[in-house]
Amino acid sequence: GYGRFLVADKTTDEALGIVGPYYPSNWIAPEIAWTVFGGAEGRGVAFEAAFATRQWAYDTLGWDTAISCISDDNIRSQRLATRLGATKEDTPFTHPEYGVLEIWRHPDPSEIAT
C-alpha cells in the first residue's frame, strides 16, 4: 500500500504540507496530490515533493499514468501542475463531495527524463 506523506522542514521538522500518491476506489485515475500549509507556500516545497512522489509512483508502484485534480479557482496548483509538465484535460471530474475538479494529466514515465 501507500498513502500521502507529511512533508517537514529539514532543519526544524516543522510540518509544511502533505504530498503523495492518492487513489481511492471512487477516483478516476491514480493521482499525485498535494496540500501545502500557509507558511510553506512559495518555497518550492510542493514542486520538490510532487516531483519526487511522481517518480516514486512510476518507479516503485509501477504507475503508468497520473493525474492531479484541481479546483478551477486554484491558480497556484494549476501553475504547479504546469511546471510539473501536466496538461489540463477537456473533461472535468465531478466528485459527489468535492464538486467539479479539473483533471491535469502528468507526462507518462517514458516522457520524463530520469
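As a reminder, the structure under discussion sits directly above these lines.
**Comments concerning the pairing of strand β7 (residues 99-105)**
Pairing between strand β4 (residues 67-70) and β7: four bridges, direction antiparallel. Paired with S68 across the bridge in β7 is W104. Sheet topology note: the strand β5 (residues 87-88)/β7 ladder contains two bridges and is antiparallel. Bridging from a neighbouring strand, T87 pairs with R105 of β7. Taken together, the three bridges between strand β6 (residues 93-95) and β7 define a ladder with antiparallel strand orientation. Bridge pairing links F93 to L101 in β7. Adjacent in sequence and paired antiparallel, β6 and β7 are bridged by three residues.

**Let's talk about a nonpolar patch on the surface**
A surface patch of nonpolar side chains, amounting to about 380 Å² of accessible area, comprises Y2, F5, Y23 and W56. Along the chain, W56 falls in helix α1 (residues 45-59). Assessed through its relative accessible area of 31%, W56 is described here as partly exposed.

**Topic: the pairing of strand β2 (residues 15-22)**
Of the pairings in the sheet, the one linking strand β1 (residues 5-8) to β2 comprises four bridges and is antiparallel in character. Each residue of the ladder has a partner; that of V7, found in β2, is G17. Counting the residues between successive antiparallel strands, the hairpin from β1 to β2 contains six residues, one of them, D13, with a positive phi of roughly 70 degrees. Where β2 and strand β3 (residues 31-36) come together, six bridges link them in antiparallel fashion. The residue of β3 that forms the bridge with G20 is A33.

**A short note on the packing of aromatic side chains**
Remark: the centre distance and the inter-plane angle together describe each pair of aromatic rings, the angle taken between the planes. Applying the stated criterion to the full structure yields six aromatic pairs. The interplanar angle of 75 degrees and the centroid separation of 5.7 Å between the aromatic rings of Y2 and W63 together place this pair among those described as edge-to-face. Placement of the pair is Y2 in the segment before β1 and W63 in the loop between α1 and β4, with a sequence separation of 61 residues. Taking relative accessible area as the criterion, W63 reaches 10% and is therefore assigned buried. Taken together, a centroid distance of 6.1 Å and an interplanar angle of 80 degrees make the contact between W27 and Y98 edge-to-face. One end of the pair, W27, is in the loop between β2 and β3; the other, Y98, is in the loop between β6 and β7, with 71 residues separating them in the sequence. By relative accessible area, which is 45% here, Y98 ends up partly exposed. Following the ring pairs from residue to residue traces out a cluster consisting of Y22, W27, F93 and Y98.

Conventions adopted
Residues numbered from 1 in each chain as written. Predicted model: local features only at pLDDT ≥ 70, side-chain atom pairs only at ≥ 80, totals over all residues. Heavy atoms only, no water. Pairing = 2+ DSSP bridges. Helix = DSSP H or I, 4+ residues; strand = E, 2+ residues; numbered from the N terminus. Patch = residues over 30% accessible without salt bridge, like charges linked within 9 Å, V, L, I, M, F, W, Y side chains within 5 Å. Areas by Shrake-Rupley, 256 points an atom, 1.4 Å probe, with all protein chains shown as cover. Salt bridge = Lys/Arg side-chain N within 4 Å of Asp/Glu carboxyl O. Buried < 20%, exposed > 50% of the residue type's maximum accessible area, 1.4 Å probe, protein only. Phe/Tyr/Trp six-rings, centres within 6.5 Å; stacked < 30°, edge-to-face > 60°.

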